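One-letter residues, chain by chain:
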Amino acid sequence: MNWSWKLGRLAGIDIYMHWTFLLLLGYVGLSDLQENHSLLAAAQGIGLVLAVFVCIVLHELGHALTARHYGIPTREITLLPIGGIARLERMPDDPRQELWVALAGPAVNVVIAAVLIAILLGLGVVLQMPEAVLKAPFLLSLLIINIGLVIFNMLPAFPMDGGRVLRALLAHWLDYGRATDIAARVGQGMAVLFAVGGFFGMPMLWLIAVFVFLGAAAEARQVRSRLLMAGAAVRDAMNPQPLTIRPDATLLQVADHLMTGPQRDFPVVVDDRLIGMLHRAELMEALNHGRAGTYVGENIAGNGEAADAADMLVGVLERMGQRGMSSMPVTHAGRFVGLLTPESLGQYMKLRSG
Ligand SMILES: [Zn+2]
């Protein structure tokens, strides 16, 4: 995620903090300072935010480690003012696995709350207002926040964990796409309720409403495209007749007739054999350095990575994402057969959904 600082690595997973989290710290510190006119109060406020932040990291680790148990690695955990995001390499396909991965996060907060209750009882604090607030304000606040985190995360609305739980449960009886649609609808209905609640003196609810509404829509869209791609092979979504170039063409010749089209990357092909790829950026760079008269063959990297036409589309897209590739040449039985690009993929999705 952009604009994030790496804080460290836990259980092999990078932990990042988004810069907006600093705004939250500053806001809490300043408002405590203003309210109580004491630096101690401000420090306590910031300390509480940092403790909550640790609870959220543990929550996300709950998701990540459960996913790892099912063989799904986590790329990173990012902390935002509204909570954390564990970016899994992929979502579990089995609804039962999704159910456990989703439940594992809130379960961590339940455990933390239980530990805090035990500590408070051990300190002889009776959990009744207002004496408890005076005796152990920090631990009590942390307890209430953890209970709040469980309730908030278990709301049956995407992108909250409760939305995933709801979908996983629905997927027992319905197909995955239908289950997602229903869970997304429930989430958006919930967002409308939040927005209405915002008019009753809780403007924070507006922010949550927007976040939930967009999250639900994004999830529904993602699942729809994932279902459209499921079972498809690369050959279904590739452009079978992309422009190809020969290694003995000069860059000037190539530029002449290629600069105008929409294609960005050009397979270099001889007798149906893929030699390499020339990307538009490389072409421009070479032209800028006065290499217009040189041959294509001198300007391509030796990396001959390609997908097979029979490979699963989803797997190849994942590979492209990991390597930051914008297009993938496709071969079959040693012959060049096509090019997978965002445009050809979009075309395929439009055909399938239409
Ligand atoms: Zn969660």
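Just above, that's the structure.
About the cut-offs
Residues numbered from 1 in each chain as written. Predicted model: local features only at pLDDT ≥ 70, side-chain atom pairs only at ≥ 80, totals over all residues. Heavy atoms only, no water. Pairing = 2+ DSSP bridges. Helix = DSSP H or I, 4+ residues; strand = E, 2+ residues; numbered from the N terminus. Contact = heavy atoms within 4.5 Å. Axes fitted to C-alpha atoms, helices over the stretch in contact; angles between N-to-C directions. Salt bridge = Lys/Arg side-chain N within 4 Å of Asp/Glu carboxyl O.

## Here's the deal with the sheet that holds strand 7 (residues 307–308)
Alright, step 1. Spatial strand order, 7-8-9: three strands in an open sheet with mixed pairing. The open sheet terminates on both sides in strands that have one partner only, identified here as strand 7 and strand 9 (335–340).
Alright, step 2. Bridge analysis of strand 8 (residues 328–332) against strand 9 gives five bridges, and the strand direction is antiparallel. If you follow T331 over to strand 9, its bridge partner there is F336.
Alright, step 3. Docked against the sheet, helix 13 (residues 313–323) engages strand 7, strand 8 and strand 9, running at close to 75° with respect to strand 9.

## Some remarks on the sheet that holds strand 3 (residues 74–80)
Alright, step 1. With mixed pairing, the four strands of this open sheet are ordered in space as 1-2-3-4. With partners counted over all chains shown, the strands left at the sheet margins are strand 1 (4–10) and strand 4 (83–88), one partner each. Neighbouring strand axes in the sheet, compared pairwise and without regard to direction, differ in orientation by 25° on average.
Alright, step 2. Where helix 2 (residues 39–69) meets the sheet, it contacts strand 1, strand 2 (13–18), strand 3 and strand 4, and its direction lies at approximately 20° from that of strand 4.

## Thoughts on the pattern of salt bridges
Alright, step 1. All chains considered together, the criterion is met by seven salt bridges.
Alright, step 2. Ionic pairing is found between R9 and D14, a salt bridge with its closest N-O pair at 2.8 Å.
Alright, step 3. What you see here is one network of salt bridges that share partners, running through K6, R9 and D14.

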